[in-house]
Amino acid sequence: MPDNPYRPGYHFTPAQGWMNDPNGLVWHEGEYHLFFQHNPEGTDWGNMSWGHAVSRDLRDWEHLPVAIPVAGTEQAFSGSVVVDHDNSSGLGEPGRPAMVALYTSCDVETGIQSQSLASSLDRGRTWSRYPGNPVLDLGSKEFRDPKVFWYAAAGCWIMVVAMAEDRVIQFYRSDDLLAWRHLSDFGPAGSVDGVWECPDLFELPVAGEPGRTRWVLLISVQTGAPAGGSGTQYFIGDFDGTTFTADPPGVEGALWVDHGADHYAAVSFSGMPDEERIVIGWASNWVYAHDLPTGDFRGSASIPRRYTLALVDGRVRLRQQPVLEKLPAPAYVAGPFAVVEGEHPLPVAGHGTRLRVVAVVEPESSDRIGLHLRVGAQERTVVVYEAGSSELVVDRTRSGDVGFSEAFPAVHRAPIEPADGVVRLEVLVDTTSIEVFAGEGEVVLSDQIFPSADSTGLAVFAEGGAGTVRSIEVTRVGTNQS
Ligand code: FRU
């Protein structure tokens, strides 16, 4: 890969060209597949194709050729992949189940968006479009992003798909992945400022409530997310095989997967054990995605996240933990120590640009206590707990090159309650991003940043009083770029 100072160290990026949504996430025969919305011809959106990479550990990715290219006037928009183990589609061969991609065909001449199918018999290395495409066509120009899963309770396939402009998710069922019957609609609900895209639906156990499960409906909205612009909202509820019914909203209104500016189109892997839900999002925002200063590629994936459900104040809420394998032993471990007013650089030599920092902070008398990351002469990215507002705040005002987001709010906030007087912050720092998992993963903020390569300092700070860092651990994360 060409040398590029803005190439993330351990987040997935296309080798070259443009990337937006992750597509077709599936585990099959020991490999995690990551397909993605890709322009192989340039660093702006266009020529939408399915790029492709595989990994055995969700960290080191092998780039493969484009899986589903543009064909004539048909562009391949977002969608999902399932493995048709019982050959319900007839597209497999004895002993060789087909991988089946359900994607949106967007006809660039008519603008019509319909659902189509492609299949592979060689572990995703080559793909054939189904001759009977499209398999679901309403004549709509705003009908996209099918996510398909096997619904064991009724022995059928279920598709969730967005009527984007209407802010409606439609549910369909099929016995063979080819013929689809409409079941029900959900929405509008929750955040409806932006068009609805990239739905996903899955069931998870509720931690601490033996035998209880809830369904999670993910919906990405192009504008109106808390940090500004695009974001992924979620609903907790029930799915009975026909209809999704959301639990009544809490006081917080719409629920957000991530309160930072850069987490969109988050969808989960299929082909994993029932209780294992791993999700990847696009680490960008439609407001400025085309303005990122990254050169020969544009767009990256979030860290993969393991989802669980837990009770928070009596309500079922999502928790996320980053999936990051192959970590060495921490380079620095300290605490507890007092943090008096001001900034206190940590005495770790050469922190580097790729770190995992886990800090447990106790605000005590301080108004604000937190971390300065990617610190340079003029640069720092701030992650701070604010006692007055009970909020976790990420501030990228002085994070480096902010030209891409000049008209965009630089400060992003999420409510969080300390547990037993402390706030746990797990921060993944990479060349061009930070992802903060706070508490037990119930609050997450992800932001792109573009600091100079030599802004590698790390500090703790307090304002308005003194607090304590109960513990801090810094691990240098390796790179997956060869
Ligand atoms: C979401 C999205 C999808 C669409 C794809 C096109 O980011 O707009 O709705 O399928 O991108 O690239």
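Since we're looking at a predicted model, the values are computed, not measured.

> Where do I start with the environment of H11 in this structure?
On the secondary structure map, H11 appears in the segment before strand 1 (17-28). Between the alpha carbons of H11 and D60 there is a distance of 9.1 Å; along the sequence they are 49 residues apart. Here D430 takes part through its side chain, which lies 2.7 Å from a polar atom of the side chain of H11.

> I'm lost on the pattern of salt bridges in this one. Help?
For side chains bearing opposite charge, pairing can occur when the charged atoms are close. Summed over all chains, the structure comprises 32 salt bridges. Where salt bridges share partners, they join R368, E386, E391, R413 and E463 into one cluster.

> Looking at this structure, I do not really get the site of the ligand. What am I missing?
Taken together, 13 residues form the shell around the ligand, and within it D21, Q37, R144, D145 and E197 come nearest. Residue N20 places a side-chain N or O atom 3.2 Å away from an oxygen atom belonging to the ligand. S78 places a main-chain nitrogen or oxygen 3.1 Å from an oxygen atom of the ligand. Considering the ligand on its own, with 320 Å² of exposed area, one finds that the protein chains cover 96% of that surface.

> Can you help me understand the state of the cysteines in this one?
Any covalent bond linking the sulfur atoms of two cysteines counts as a disulfide. The tally for this structure, following the rule as stated, stands at 0 disulfides. Not part of a disulfide, C198 finds its nearest cysteine sulfur in C106, a span of 13 Å.

> Explain the sheet that holds strand 19 (residues 277-282) to me, please; I cannot follow it from the model alone.
Strands pair in a sheet through their backbones, by hydrogen bonds, and they do so in one of two ways: parallel or antiparallel. One open sheet accounts for 4 strands, arranged 18-19-21-22; its pairing is antiparallel. Either end of the sheet is taken by a strand with one partner, and the two such strands are strand 18 (264-268) and strand 22 (315-322). Each strand axis lies, on average, 40° off the axis of its neighbour in the sheet, ignoring direction. Bridge analysis of strand 19 against strand 21 (residues 305-312) gives 3 bridges, and the strand direction is antiparallel.

Rules of the game
Residues numbered from 1 in each chain as written. Predicted model: local features only at pLDDT ≥ 70, side-chain atom pairs only at ≥ 80, totals over all residues. Heavy atoms only, no water. Helix = DSSP H or I, 4+ residues; strand = E, 2+ residues; numbered from the N terminus. Polar contact = N/O pair within 3.5 Å; in protein donor to acceptor, adjacent residues only side chain to side chain. Salt bridge = Lys/Arg side-chain N within 4 Å of Asp/Glu carboxyl O. Near = heavy atom within 4 Å. Areas by Shrake-Rupley, 256 points an atom, 1.4 Å probe, with all protein chains shown as cover. Disulfide = S-S within 2.5 Å. Pairing = 2+ DSSP bridges. Axes fitted to C-alpha atoms, helices over the stretch in contact; angles between N-to-C directions.

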